[in-house]
Structures are given as C-alpha cells and as structure tokens.
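Here are the chains, one letter per residue:
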Amino acid sequence: MMLRQLLLLAALGLAWMTVSGFPCAQMLPSHSPPSNIDTVRPSDVSQLSAIGLRNRYELSAVTSRLSELMTLFNPALISHLSAETHLYAPQFVHHSTLLEQANETSTHLRQHQVIDADKDWKLLLVFVHVDQLCVCEQQQVKCVFVQAAVQAAVEEVDEALLWLRSQLKRAIVSIALWVGDSDGLRIRDCPCTEASGEGEARLQRVLLSHALQESLDELMTKRNWYNGRDDFTAMVQDSPLITASSGKPLLESQESQRTDDLMVQMWSNLLQPVKDGGKDGGKDGGKDGGKVAALRCPTEDRPFLRTERNSPSYRHGDASPLLRPFTGTEMPCEDRSPSPTTPTSVHELRPADIKVVAAIGDSLTAGNGIASSPINILDVLRQYRGLSWSVGGDENLTTVTTLPNILKYFNPNLTGFSVGTGKQNTPQSFLNQAVAGAKSKDLLSQVRALVERMKTDSRVHFESDWKVITVFIGGNDVCDHCYNSLLYSAENYVQNIRGILDYLHKEVPRALVNLVEPLETAPLREMHADASLKCPTWLVKILCPCVILPKQNSKALKKLHDINRKYQDLLHELVESSRYDTRSDFTVVIQPFFREVIIPRLPDGRPDRSFFSADCFHLGQKAQTLMARSLWNNMLEPLGRKTSVQDFRNNLTLTCPNKTVPYIRTYNNSDYVYAGPPPTPQPIANWGSNFSCVDLAPSHPVPASVHTLRPADIQLVAALGDASTTASGAKAKTLFDINKEYKGVSWSIGGDEALDTVTTLPNILRKFNPSLKGFSKTQGLNAKGFNMAAPAAKASDIPAQVETLIKALRDNKEVNFAKDWKLVTIFVGGNDLCNYCIDQDNLSSKNYSHNLALSLDMLYKEVPRLLVNVVEVMQMDVLKTVTKNTLGCSLVPRTSCPCVISPVENSPELEEIKRINHKYQIETQQLVSGDRYDGKEDFAVVLQPFLQTSFIPHIGVGEVDASFFSVDCFHISERTHAEMAIALWNNMFEPVGKKQAYNNFTHDRSKIRCPSEANPFFFTKVNSLPSPPATTTTASPGSGSTSSAEPTAPVTKCPSSVPVWVPVIVGIVSLLVGVGGRWLILVCIRRQKKHFEKPVEMNGTGF
C-alpha cells in the first residue's frame, strides 16, 4: 500500500509543489478493516459515489477534486459518479428523483465486479439543491406553504436514505446542501418568483436554504441518523456549499480557486471536527492574499470520518435564548404644541406641525424579522412594518418605539405610518414603500409609488400637509460592492440618490426629507466571528458577501471601509450643494447617527445577539428601538453638531425641542453654511476611448479553429440589424436629421476617425489589425462597407440581409472569401417589439427565433471562417422614461414604438410587452446555446447579453439621462453607440455562461478590456469549457443529423520544437526523485509521535 501511495504522490508531485509541507501523516488505512461505522478512516474508503449532482458542472468539478484528494489516501479508490457528472453528457432528466438515483447507484455497487458490496467501505455523497424549492410570492404570507416546500424536499431525502439503508452495507452517507448560482434558474425553474425583486428573491432563497438545512438536521435526529446497525449511517454536513455571486464573470483562476475552496469545505465537513470546535477547518489566514486554501488533515486522536456517535453534530436550531426586550420609551417633553399658525417655511417646522410620515428603503425599513423568534428563521421573511423604526405605528410609545409613535405624542392625528405586517403594496403599509433587498438603483420605483399614494389617498392633504420622509438605503449596495465595483460605485450610489431626491423636490410640496447615512457595515463581522453565538454565518455570506468574506487586515476589508465612507461623504457633497434649498417649503437634512456603529456586548464581552433577528443580519426590535431614538435626537440636533455614532450599548433617552429654537433642525435654523457644490467638470469633448493593450500580435500560423481566434486574426467585419446599427440620428441636432444614417459611429460596424475620438468595435479591432475591412463610414465612397442593416428592419428581414451580405462578400475582390476570418454582429428585435401589439401573430417570440435561425443557418452553411455575435434584445420599457419637453420627444416615440410607449404604467398591455420582451430573450438563448451550430470547427455563434438587463443613468427629475438618446428621445445617440461598443467588446472576452448581462452606461475612457495572456482568444462555447469535447463536421442545421459526436478526452499536443523523448526523461527522473524523497519523509513522519497536525495549504488555482 505504501509503495502505491508513493507512486501516486510522485505522479501528483507537481500539484503538491505549492503545498506547504508534506500532505497528511494520517494517510494509512486501519491495521485491520474496521467493523464499526464510527472508526472508518479516509484511507479505509474503497468506493466513492454521489447522487443529486443534477448536471451542475461546478458541483461535478468539486466532487472530482474530492475524489482526487481521497485517492491520495487510498490509491485503489473506485469513484463511481453518475453519467450526469460529465460536462458533455445529455441533460440529466429533471424528473429523476433522489430515490431513483439511489436505486441506480445501489444496483451498480452490488453488481460491480471489483467492489465487494459486503466488505468494502463506501462513502456516498447526497446533494440537495435549494433551487428545487419553489414558493410563490402570494404564498409567502402563509408560512405553511413555505414549510410544505421544505418538507417535500426533506421527504425526498428520507425516501432515498431509507432505500440506501436497505440495500447497502458498510456505507457512510453524507448529505450536503448546494446553494449554487440561481440568477438564471430563478425564473426558469420557479416562474412564480418572477415578480419578486432581485434582493427580495435572494433573501427568500437564503432563508429557505437555512430552513432546509435545519429540517434535514431534524430528520437525522428523528431517524437516529439511520443507524440501527454498526455498518450504516447518515450525516448532514454542518455548512452548505455556497457558490452564490452577483453575476460578475470569474477569471479562470478565480473559478478554480472557488472550486478548491468548496472542495476543502466539503472535506472538512467529512472529517471529525477539531477539538476547539471550529467548523471551517482552519483559521482565517491572510497568507498569499487569500489564494491559499487550508487543507485540514485527520489528526492522530481524531483520524476518522465523521459520524454522529464519534462527533455529535452542531445543532443549528440551538440558538441562544433571547429575552423579549422592553421596547417602549418614556416621553420627557412637556411642550408639545404646534406653531400658532401652519408654517410656510420648512425651517420653522415644529414636531407637532408634522401631519404625514413616509419612508423608502430596504428590509431594515420594511421590517423584516423585527419580532421573529430566534428559532424561526423563516419568519424573517415576514415584514413587521408596524414596528419599523422610521415609519411604523403599531400600538404606542409606551410599548413600541418608532418615529411616528414619538410624533403621535405631538400630533395624535398623524398619518402615513404603517401597521401590522405585509409587503409594500398592502393597505397596511400605507406610506412605507420600502422593499426588502432593495439597493439604491431600486429607489426610483419606490418613490414614484410613494408620491402616487400621497396624491391619491384621502388621508393626506397633499398640498397643505407637512410631511417627513425618511430615506435610508445603501447597505445592500455595500454588501455586493466587491462583485461589481462599477455598478455599486460611490458615484453611481449618489447618482441614484440624487435621482430620487430630485423627484421628491419636483413633485412634493411641504416636505422635510431625512436622508439617513448608510450604516457602517464592518461591525456586522463581529457577529460571525464567534461560533458560540451560533449565528448562521453561511447564510449571511450569501446575503452580504463583501462584508463577511474579507479576511482581517486584507485589502478587501480596507476597500469595504473606503466604499462605506465614500457613500457617506458623497451624500454630504450632494446635500451641501444647496440643490434642494431652492424654495422655502422643502429641504433635505442628513442624519448621520449611523456613520459609526458600536455593537452591543454581553457582560462576558461577546456581541449581544438579542439586538438581531434570527438570521444575525437583520435588526431586531431592541436595535430598531434605539434607531428610532437616535433618528429623533438627530432631527433635533443642529447641523454641524449632530451625533454621528450609533452606540448600541447605550440606552438612549429622548431629547426635546430647544425652547429657543423649537424646530426640526435644518441648515437655515442651525446657522449652518453649506460648503457649496463641487467644481463643475469639464465638458466631454468626444466619445472616444483610451487603449492600453500591449499584446496586439495575430496568431501564427493563421488559426483553423474559431475557438483559437485572436482580435488581430479578424480580417473583416460586417453587421446586420435595424436603426441601432445604421446609427440613424446618432449625431442629429434637429428632427430633420433623425433619418440620416451616421454609419461611421455605429457601435458594431462604424469606422469613422479613430478610437481616441470615436469608440466602435471596428475602431478597437483596428488597433490590432490596421488592415481591417468592412467597416462603414458616415461619408465617402463605399461608405456602407458590409453594414447591411436597414432602419425599419425586423427579424423577418434579417434572412434577406444575410443573402445580401453573402453576395457582397463573394463579389468583393478585396475579400478572400475562403481564408479571411470574419466577424458578423446581429442585433434586431426592437422594431418587432415596438409593433407587437399590432401584429402579434407574425411578431411572436417563436417567429422571432425562427427568423434568427434561418439567418444563422445560411451563414453556417455558406460562409467559412466566421464568428457571429448575436446581441440580445434590450429591455424596451426603459424607453418610456426618456422625456424632454420638445415636440419630437412627445410625438416620435409614440409613432415609432406605439406598443411600448403608449401603454400606461402597470397596465396589462405593458406587462404583456415586458413578457414578450423576456420571451424574445429566452428564445434567443435557447437557439444559441444548443448544438445546432457546433458541427464546424471554423464557425461559432456567441450570445452577447450585455443588454439583457438595461441600465441607463438617471438625472434630475428621476428620468433616464436623455443624453443617451437622440433629439427624438427614441433613436440612440453617439454616446450610447460608444458605450455599446465597449460593452460588446468586453462581453466577447468573457466566458460563455459567465458573461455580464447588464451594462452600466457611465462615461469612462478606460473601460476597454484587454485580452489576457492566459485567455487571448474570443470566448466561444467550446473554449469557455475547461476540457472541450472533440467535434466533427456534420450536416448543416435542420438536416436531421446530430451535430456532436460522443465526447472524447482532448489530446494534448506538444510543440514541434520539443523532442518527444524530453517529457519522458523528465517524467522518469521526477518519478524517481519523488519516490525517494517522499519515502524518506514518510519514514520520518511515521517515527514522529505528534498529537496534532498543522493544516496543509494548497494553492487555490490548482489542486
């Protein structure tokens, strides 16, 4: 056995070169095969199996990595993983239950010729997927439906385990919860959640994950871990396997590191835990910037695989008991009278003058989990709006402390507050329009709904009532900042806040806006650094990864502090510009009590969990009580002297209005002088871009495969589409120029001037290949190039454009039709959607997809050496918010796009357009993602989804920034063409399946991505995969024959400059050196008698 281990270690020597120290000393099997399930070592396992993989590549990669590790303990290990683990296997049938897979696996094990089913020890992994839970939004208010979904999943696991126990001997079954990326799965697998916002859907998902984890724990207890005998048991791994992200594409090294981290976590879950009770298998190191993962070894005193009997499990439900807090407050103020007459100035507003309260924000204002029991994690989905610190109105101040309950002492007729529980669209929410999971970019819809309610509800006298509106947002932006620093930049954050404040300033009379600084988020980390608090840290890692995941003293943690502070600072710049002090009945006041946060502590120094809800993330009623007091006190403190620390250790008392200045404090009644607006930036001279790429060389020789295509290999560009590709009106100054085609600035095909002044895809490509052909110009001979687009084109016109293009390519004497590599970009669908309500049959999503397929089929059949970009149709409803007070903007959009522009907000007609818009995107995805175009080595179609979720900055009055559109508010401007060119280029260098599905249109001349040394090629479906399958040339699409062969392992080819015998000699020498060296080390290690092992570290980029 030792010789076999040495040979394997020598073979894997290169992988272990990055590991500090020799692997594990406790790698030898038991002296005699164990007879009891509780004394099985990793090296005693002869067979590894897994069920529930569900064709997830990353999960399959993790189990494969685990198999490699366990082979080091037992080189004779037999790893039986279902065919679904193969990346290129047919899609695993969704109706295949865990019971059916358990039956298949147990049958295989009993019939396997090498495995002794009665004597060999077996390890079986069972994966349970959170995305199998589908709970509709209307069901969330009744926890019984949520529990039913969880219970159904648990019963499926129970059936599988009972079957395995009846069929297998000598087996350890380890159940793991897989919480994978679900952005693409949420709508497809559970369409009833489509109405939920992104943040709210994520909150629901992680709370369901926790509920499922706890229910599986309870199942194990109920079934006594399926023991019954000494040769079979089941265990639930303490922590789920989490891959959730915000959608930002990962580099190959980052993806490999995440796979390693997940494998290490699974390995640690399988072993007996270390004596100090740690569950993570290692301390939070800072070594190597976090790129080295600690691999824990079995220790001499705890060398076995974990079972309930040899290592009693951590119970998630055993949360620390919390006493029901006293949450009332004493009102000390005696003078509660209003002004003698209703004030006309916001700077003379007394508390008793306030008639209406309102609020917008996220789950901290929506009230998620405020009164939840510490053992009821699902109740965090419940929104206790009546207890919300800034706008709740349940009971009165003696029992519930909120800003409205304080104000009710001054004005018993106050209105607007929320009561009870429910979502923002329920009657009891009234003017609390906060949405769980919301980010700053989501506030515009909230503020529109709020203003609409104020205008239409009879309880509010909109023109005459004084209103206090509290805005509190930013925590969720910070939580996801590290995944997309552009989308969640401080500049974008403050731009979003400016948009909603501008809207309130324009629409709402007699209002004081409390703008509460986003809270300091880093102290939340303390709740999850102490295991004794029994907080569900893995859950919060999904909800707020950028706060919880950074290591202590790391650059990532410093970035967290910096972005948090910059959010706060830029709010001050915005308000101190005097932008909102142009009239006497409106102002915005920053309330800074959350600038610094000091968490509460127990007498023993540990963080006090009783201030938090059951998830240790949302704030409980004790915290909300102090927040309400702090907000009230901040409102009465003069500007320049406001409290900027929220110390949850202090039991604050309420302050009273100053007798001399009895008003809510503003800059005016505080004698405070604003710093003034920041300097006006210089006007933008052009929409060009900077270029920093260094490696501009083409392939040598010219590639024969589209999957090894570099930018400099492209000889010719072409484009098909509509007015967005003809660049109609892109530089128009008047309506008379709208129909003029400025083809030279077209994002995908234009070639005017150069990249430093005009950003287009060809101008970027010309940096790599100055001899590029086919681009269009605004003026001159042959200005059209190979731009075949037509302004009014629909998808049904694209086949004709393809025919014209093919003819033009064949006829052009400068084009080597057979040998030139060509890049064609197709973008169409806007005109189809604009006219869908007029011709629903011909403009259906199926017909849209059919016409795209016809076009791609022709290109596939007729054109050699071709890469096709299919750009996903954008979300068209954004056009409704593009407004200017001009005749063109009033008439042209309604005439050009009646089916999108004309329907009123929330009408069935608009909802139908949104649905069809989404169907267009889904149909395109299905067409391109299949194997229809996989049969030729020199042809590929790649979907570029950067417009899938359209995001265009807002300005002033809350509308879309009109500078992105031409003078008719419909056709796109040169600025948008430049942004789309950059987004398309960057999409082309992102792997398929991990492409950015949105674009943040903010001006930055340095956004162009460069090809990397590791990935110098345009990404296709094939080269996006770690090990692409062999391909064969087949018949054209639609001919009935398949276009892919049985997958085979790719053959690695050595460069001809390296003699064949060199790797052989090197391999033999390495083997001999490795065997000798590792034998000596093993002898030394076996002689040493240690009582503990140091963690082994492995590089995160390769195991």
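In this text the structure is predicted, and so the values were computed from the model without any measurement. All residue numbers refer to position in the chain's written sequence, counted from 1. Local features are withheld for residues below a pLDDT of 70 in this predicted model, meaning they are given only at 70 or higher, and side-chain atom pairs are given and counted only at 80 or more; totals for whole chains, interfaces and linings count all residues. Water and hydrogen atoms play no part in the side-chain values, which are based on all heavy atoms of the structure.

(A) Summary view of the overall build of the protein. Helix numbering and strand numbering both begin at the N terminus, where a helix is a DSSP run of H or I of at least 4 residues and a strand a DSSP run of E of at least 2. The helix and strand inventory of the protein stands at 27 helices and 22 strands. Each residue is assigned to one of three classes by its accessible area relative to the maximum for its type, calculated with a 1.4 Å probe on protein chains only: buried under 20%, partly exposed between the two thresholds, exposed over 50%. Across the 1103 residues in the protein, those meeting the buried criterion constitute 57%. By definition, residues are in contact when any of their heavy atoms lie within 4.5 Å. Taking contacts inside the protein between residues at least 6 apart in sequence as the whole, the part at least 24 apart equals 78%. Here the accessible surface of atoms and residues is derived via Shrake-Rupley with a 1.4 Å probe, and residues count as covered only by protein chains that are part of the display. With an accessible surface of roughly 46200 Å², the protein has 54% of that area assigned to carbon and sulfur atoms.

(B) Region of interest: the pattern of salt bridges. For this analysis, a salt bridge means a side-chain nitrogen from Lys or Arg found within 4 Å of a carboxyl oxygen belonging to Asp or Glu. As enumerated under the stated definition, the model contains 34 salt bridges in all. One salt bridge connects Asp-231 with Arg-229, and the closest N-O pair in it is separated by 2.4 Å. Salt-bridge contacts for Asp-562 lead to Lys-558; the nearest nitrogen and oxygen are separated by 2.9 Å. Of the two residues, Asp-562 and Lys-558 both sit in helix α16 (residues 555–575), four residues apart, roughly one turn of that helix. Residues joined in a network through salt bridges with shared partners are Asp-38, Asp-230 and Arg-309.

(C) Focus on the side chain of Thr-307. Assignment of secondary structure puts Thr-307 in the loop between β7 (292–295) and β8 (354–361). Here Thr-307 is in contact with Ile-37, Asp-38, Thr-233 and Met-235, once residues within four sequence places are set aside.

(D) Region of interest: the confidence of the model for the protein. When the pLDDT values of the protein are averaged, the result is 83; 81% of them are 70 or greater. Taken together, the stretch residues 82–95 has pLDDT below 50 and engages in 28 contacts with residues farther than four places along the chain or on a different chain. The score called pLDDT rates the predictor's confidence residue by residue, from a low of 0 to a high of 100.

(E) Structural detail: α16. Take the number of residues in a helix, subtract one, and multiply by 1.5 Å to get its expected span. Here α16 contains 21 residues, and its C-alpha end-to-end distance of 30 Å stays within 8% of the 30 Å for a straight helix at 1.5 Å per residue. Here α16 has its buried residues at Leu-557, Leu-560, Ile-563, Asn-564, Tyr-567, Gln-568, Leu-570, Leu-571, Leu-574 and Val-575. The buried side chains of α16 occupy one side of the element, clustering within an arc of 165° when seen end-on. Residues of α16 that are exposed and angled more than 90 degrees away from the buried face: Lys-555, Lys-558 and Lys-559. Structurally, α16 contributes buried residues whose contacts are with α12 (475–480), α13 (490–507), β10 (511–516), α15 (545–548) and β11 (586–591). Working note: the arc is built from the helix axis to C-beta atom directions.

(F) Expanded view of the sheet that holds strand β14 (residues 714–721). One open sheet holds the four strands; their spatial order is β14-β15-β16-β17, and the pairing between them is parallel. In this open sheet, the two strands that pair with only one neighbour each are β14 and β17 (939–944). With direction set aside, neighbouring strand axes in the sheet form an average angle of 20°. Strands were regarded as paired on the criterion that DSSP finds at least two bridges between them. Judged from the five bridges that link them, strand β15 (residues 821–827) and strand β16 (residues 866–871) form a sheet pairing that is parallel. Note on β16: the bridge partner recorded for Thr-825 is Asn-869. With axes taken as lines fitted to C-alpha atoms, and helix axes fitted only over the stretch in contact, angles between N-to-C directions fall between 0 and 180 degrees.

(G) Local environment of the state of the cysteines. By definition, disulfides here are pairs of cysteine sulfur atoms that lie within 2.5 Å. All chains considered together, the criterion is met by eight disulfides. With a sulfur-sulfur separation of 1.9 Å, Cys-479 is cross-linked through a disulfide to Cys-544. Its S-S torsion of about -85° marks the bond between Cys-479 and Cys-544 as left-handed, since a negative value means left-handed. Of the two residues, Cys-479 sits in helix α12 while Cys-544 sits in the loop between α14 (537–543) and α15, which places them 65 residues apart along the sequence. Summarising the burial analysis for this pair, Cys-479 and Cys-544 share the class buried. With its sulfur 2.0 Å from that of its partner, Cys-482 forms a disulfide with Cys-546. Residues Cys-482 and Cys-546 share a disulfide whose torsion about the S-S bond is about -80°; that sign makes it left-handed. Separated by 64 residues along the polypeptide, Cys-482 in the loop between α12 and α13 and Cys-546 in helix α15 bring together distant segments of the chain. Classification of Cys-482 by relative accessible area gives partly exposed; the value is 44%.

(H) Structural detail: the packing of helix α20 (residues 798–811) against helix α22 (residues 845–862). Between α20 and α22, the least distance of the axes is 8 Å, while the angle of their chain directions is 20°. If you check the angle between α20 and α22, you find them roughly parallel. Handedness of the α20/α22 crossing: right-handed. Facing Ile-798, Pro-799, Val-802, Glu-803, Ile-806 and Arg-810 of α20, the residues of α22 in contact are Asn-851, Leu-854, Ser-855, Met-858, Leu-859 and Glu-862. Residue type decides the class: Asp, Glu, Lys and Arg count as charged, Ala, Val, Leu, Ile, Met, Phe, Trp, Tyr, Cys and Pro as nonpolar, and the leftover types, Gly among them, as polar. Class assignment for the residues of the contact of α20 with α22 results in seven nonpolar, two polar and three charged. Every angle not falling under 35 degrees, over 145, or within 65 to 115 is termed oblique; those three ranges are roughly parallel, roughly antiparallel and roughly perpendicular. By definition, turning the near helix anticlockwise from the far helix through less than a right angle yields a left-handed crossing, and turning it clockwise yields a right-handed one.

(I) Local environment of the sheet that holds β11. The four strands lie next to each other as β8-β9-β10-β11, forming an open sheet whose pairing is parallel. In this open sheet, the two strands that pair with only one neighbour each are β8 and β11. Direction aside, neighbouring strands of the sheet carry axes that sit 20° apart on average. For β10 and β11, the ladder comprises six bridges, and the chain directions are parallel. Looking at the pairing, Asn-514 lines up with Val-589 of β11. Of the strands in this sheet, β8 and β9 (466–472) are in contact with helix α11 (residues 443–456), which crosses β8 at around 155°.

(J) Spatial organisation of the environment of Pro-903. Within the fold, Pro-903 resides in the loop between α24 (898–901) and α25 (908–929). On a C-alpha basis, the gap between Pro-903 and Ile-913 in space is 9.3 Å, while along the polypeptide they are ten residues apart. Aside from chain neighbours lying at most four places away, what touches Pro-903 is Lys-880, Pro-898, Glu-909 and Leu-910.

(K) Looking closely at the packing of aromatic side chains. In this analysis, rings of Phe, Tyr and Trp, with Trp reduced to its six-membered ring, are considered paired at centre separations within 6.5 Å, and the interplanar angle assigns stacked below 30 degrees, edge-to-face beyond 60, and tilted for intermediate values. Enumeration according to the criterion identifies 21 aromatic pairs in this entry. Measuring from ring centre to ring centre gives 5.3 Å for Trp-389 and Phe-472, while their planes differ by 85°; the resulting arrangement is edge-to-face. Of the two residues, Trp-389 is situated in the loop between α9 (363–366) and α10 (403–410) and Phe-472 in strand β9; the sequence distance between them amounts to 83 residues. Note on Trp-389 and Phe-593: the rings are 6.2 Å apart at their centroids and 75° apart in plane angle, and the pair reads as edge-to-face. Placement of the pair is Trp-389 in the loop between α9 and α10 and Phe-593 in the loop between β11 and β12 (596–598), with a sequence separation of 204 residues. Members of the aromatic cluster, connected to one another through ring pairs, are Phe-691, Phe-768, Trp-985, Phe-989 and Phe-1018. Our definition puts a charge over a ring when NZ of Lys or CZ of Arg is within 6 Å of the ring centre and also within 35 degrees of the ring normal. Above the plane of the ring of Phe-775 lies Arg-766, whose end atom (NZ or CZ) is 4.5 Å from the centre. Taking the ring centre of Tyr-860 as reference, the NZ or CZ of Lys-936 above it sits at 5.3 Å.

(L) Structural view of the pairing of β8. Judged by how many residues are buried, β8 sits mostly within the fold: seven of eight residues are covered. For β8 and β9, the ladder comprises seven bridges, and the chain directions are parallel. Pairing of Val-356 across the sheet is with Lys-467, part of β9.

(M) Layout of helix α23 (residues 887–896). Among the residues making up α23, those that are buried are Gly-888, Cys-889 and Pro-893. Mapping the buried residues of α23 onto a view down its axis gives an arc of 95°, with all of them on the same face. Those residues of α23 that are exposed and angled more than 90 degrees off the buried face are Leu-887 and Thr-895. Looking at the buried side of α23, the elements it contacts are α24.

(N) A look at unusual backbone geometry. With omega at 0°, the peptide bond leading from His-700 into Pro-701 counts as cis. Even without glycine at this site, Arg-170 takes up a positive phi of about 50°. Residue position: Arg-170 is located in the loop between α5 (143–167) and β4 (171–179). The backbone of Asp-671 shows a phi angle near 55°, a positive value even though the residue is not glycine. Inspection of the secondary structure puts Asp-671 in the loop between β13 (645–647) and β14.

(O) Representation of the packing of α11 against α13. Where α11 contacts α13, the two axes come as close as 9 Å, and the packing angle between them is 15°. One finds that α11 runs roughly parallel with respect to α13. In terms of crossing hand, the pair formed by α11 and α13 is right-handed. On the side of α11, the interface is formed by Leu-443, Leu-444, Val-447, Arg-448, Val-451 and Lys-455, while α13 contributes Ile-497, Ile-500, Tyr-503, Leu-504 and Glu-507. A class-by-class count of the residues in the contact of α11 with α13 yields eight nonpolar, no polar and three charged.

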